[in-house]
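One letter stands for each residue in the lines below.
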Amino acid sequence: MNPFYIVYLGLLFITLLLSGYSYIVGVKKSVYLVLLLFSTLAVELFVTYKFNQNKHFAFGFIYHLFNPVEYTFFCLYYLRASNVSKFKTLVKYSIPVYITLSLCISFFIYHIDVMPGKNTLPAINIDIEGFILFIYYTHLLFTLNIDLKKHIYGHPDFWISIGVMIFYGGTFVFLGLYSFHFKINLNQTLKLFSAIDLPLNIILYSCINVGLIWSIPNRKYIIS
Amino acid sequence: MVDTKQEIYYFIIIASVFFLLLVAIIIITALLYHSRKRIHQIEVSNFQDILLQSQYEVQEQTMQTIGTDLHDNIGQLLSLTALTLNSIELDNEAKSRQKIDAAIDLTVRSIKELRLLGKLLQGDQLVVSGLPEAIRYEITWLEKSGKYKVNYIDEGDVPETNNADKDLILFRVMQEILNNIIKHAQATEIDIRLTYSELHLQLQIKDNGIGFTIDEKGGQHGMGLKNMQKRAAIIGGEVYIESTPGAGTSITIFIPYP
């Protein structure tokens, strides 16, 4: 197994624990990260398990189904983090629109209900999702409410925003050309996947981790 | 020769790096934006602090003036009225009439002084009626002490400003300068000149006191001057100080106006 993949899964698990802790100590918006990370980890573990059992297991369709779920949770987190009401309305309505669009792409372009479409990766879906989330989280980054006494690096949403921006910005071209490149050069596509997608995933979860650590309220007790 | 497959491979790497650089630029821009926003917020917060402090100090100064005036002026007038009324001998009608007239005169003067004092009670509201008027009013109280000859010149039509906060801070700086003259300068003559031209307001306060060496910036003296400069800077102004030991001091404040 690719060492990057093991690091990625480990980091994903740590992020899930941290987001759960953050929710328990009172950061209510972390619940969307808990749900997102839990579903991500469940999908990754299921795919890894099934793939290890049967190397011919067609796992692509799972990512097609997971994609709208991922978009929804990222949007719900944005809705709790942002304070610009006009933009929030737009994001709110974009959720059902995106779910419909993503499923249409999966069924009518990739044909995930039959082989070989069942084994494709939702590259177009992720590209569209990434483009939209990139805009949302760039907006969040610029509209963060920073306390005068604190620095921007201490704001949890700063890290979550830059994590999302780096991940989706970095994978945009690779995923855009994924299907085409996969057909003409399988080995190089897998090589690029290890070189681009996995490290950027690690950066994404590392950033979310830093953000979650900052989000945990710092309580100091004075014992007299 | 590089084939198409390789070209696409390199294209993906280069384009991904390019996109990551773009992300980095956006993040740096956001950091700069927040940094500027933070500086602006700090400036606004400082301005509000200084404004609040100035309001408080102007009110405190007003209370001090009222206290002094009640004790030295109105108090004296009323004591004199009481004395005059006490000394009336009812069997001497002509003399009594004279003393009653004097008591009435003293009472009228007291009422006049009280009215003036009532106006002063408005404190920082005084500045709302316009800076030249507020300065004139302040000078009236200074002249009343009888210790100083004050010459006040108001040149150019000072336009009305929507930003009364600017007036208030400038007024407080002027009060601070006058206080310093009273406390330290041993002056007998004070010249105050308020000039407005080319969107700038200039307030010059000169005295014929003992002066000081400008290099001596230590202690409370230096703190006071720095405080004045800080307040002027917050409304975009500058303070110039000229002083020679034995030859008095001149302080000029320039502020963009209105």
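Residues numbered from 1 in each chain as written. Chains lettered and ligands numbered in written order. Predicted model: local features only at pLDDT ≥ 70, side-chain atom pairs only at ≥ 80, totals over all residues.

Draft legend 1. The overall build of chain A, seen in detail. The helix and strand tally for chain A stands at 8 helices and 0 strands. Shown N-terminal to C-terminal, the secondary structure of chain A runs as helices and strands in the order α-α-α-α-α-α-α-α. For 224 residues, the compact-globule formula gives about 17 Å, and the C-alpha radius of gyration of chain A, at 18 Å, lands near that figure. Across its three principal axes, chain A shows a C-alpha extent of roughly 65 × 40 × 25 Å. Counting across all 224 residues of chain A, residues that qualify as buried make up 37%. A separation threshold of at least 6 residues defines the contact pool for chain A, and within that pool the share at least 24 residues apart is 71%. (Helix = DSSP H or I, 4+ residues; strand = E, 2+ residues; numbered from the N terminus. Rg over C-alpha atoms; globule rule 2.2 N^0.38 Å. Buried ≥ 20, exposed ≤ 12 C-beta atoms within 10 Å, placed from the backbone. Contact = placed C-beta atoms within 7 Å.)

Draft legend 2. Region of interest: the interface of chain A and chain B. In this complex, chain A contributes 22 residues to the contact, which on the side of chain B involves 20 residues. Every element with two or more residues in the side of chain A that touches chain B is listed here: α5 (123-142), α6 (156-176), α7 (178-184) and α8 (186-215) of chain A. Of the residues forming the side of chain A that touches chain B, the biggest block, 8 residues, is contributed by α6(A). Of the residues assigned to the side of chain A that touches chain B, the class counts are 16 nonpolar, 6 polar and no charged. (Nonpolar A, V, L, I, M, F, W, Y, C, P; charged D, E, K, R; others polar.)

Draft legend 3. Examining unusual backbone geometry more closely. For A:His111, which is not glycine, the phi dihedral falls at a positive 50°. On the neighbour-count criterion, A:His111 (13 C-beta atoms within 10 Å) is partly exposed. The phi angle at B:Gln186 is positive, at roughly 55°, despite the residue not being glycine. Here B:Gln186 is to be found in the loop between α5 (164-185) and β2 (189-197).

Draft legend 4. Region of interest: the sheet that holds strand β1 (residues 149-155) of chain B. Residue and element names in this part refer to chain B. Spatial strand order, β1-β2-β3-β5-β4: 5 strands in an open sheet with mixed pairing. Strand pairing shows two members of the sheet lacking a second neighbour, β1 and β4 (238-243), which therefore form its edges. Along the sheet, successive strands turn relative to each other by an average axial angle of 10°, direction set aside. Strands β1 and β2 of the sheet are contacted by helix α4 (residues 131-144), whose axis makes an angle of about 170° with β1. (Pairing = 2+ DSSP bridges. Axes fitted to C-alpha atoms, helices over the stretch in contact; angles between N-to-C directions.)

Draft legend 5. Highlighting the environment of A:Leu33. Residues and elements named next belong to chain A. With respect to the helices and strands, the residue Leu33 is situated in helix α2 (residues 30-53). Distance from Leu33 to Ile132, taken between C-alpha atoms, is 18 Å for residues 99 residues apart in sequence. Beyond its immediate stretch of four places on either side in the chain, Leu33 contacts Ser19, Tyr77 and Ile208.

Draft legend 6. Examining α8(A) more closely. Taking 1.5 Å of rise per residue, the 30 residues of α8(A) would be expected to cover 44 Å, and the 42 Å separating its terminal C-alpha atoms lies within 8% of that figure. If you look at α8(A), its biggest bend is around 35°, right at A:Phe193. (Expected span 1.5 Å × (residues − 1). Bend = angle between axes of the 7 residues up to and from the residue.)

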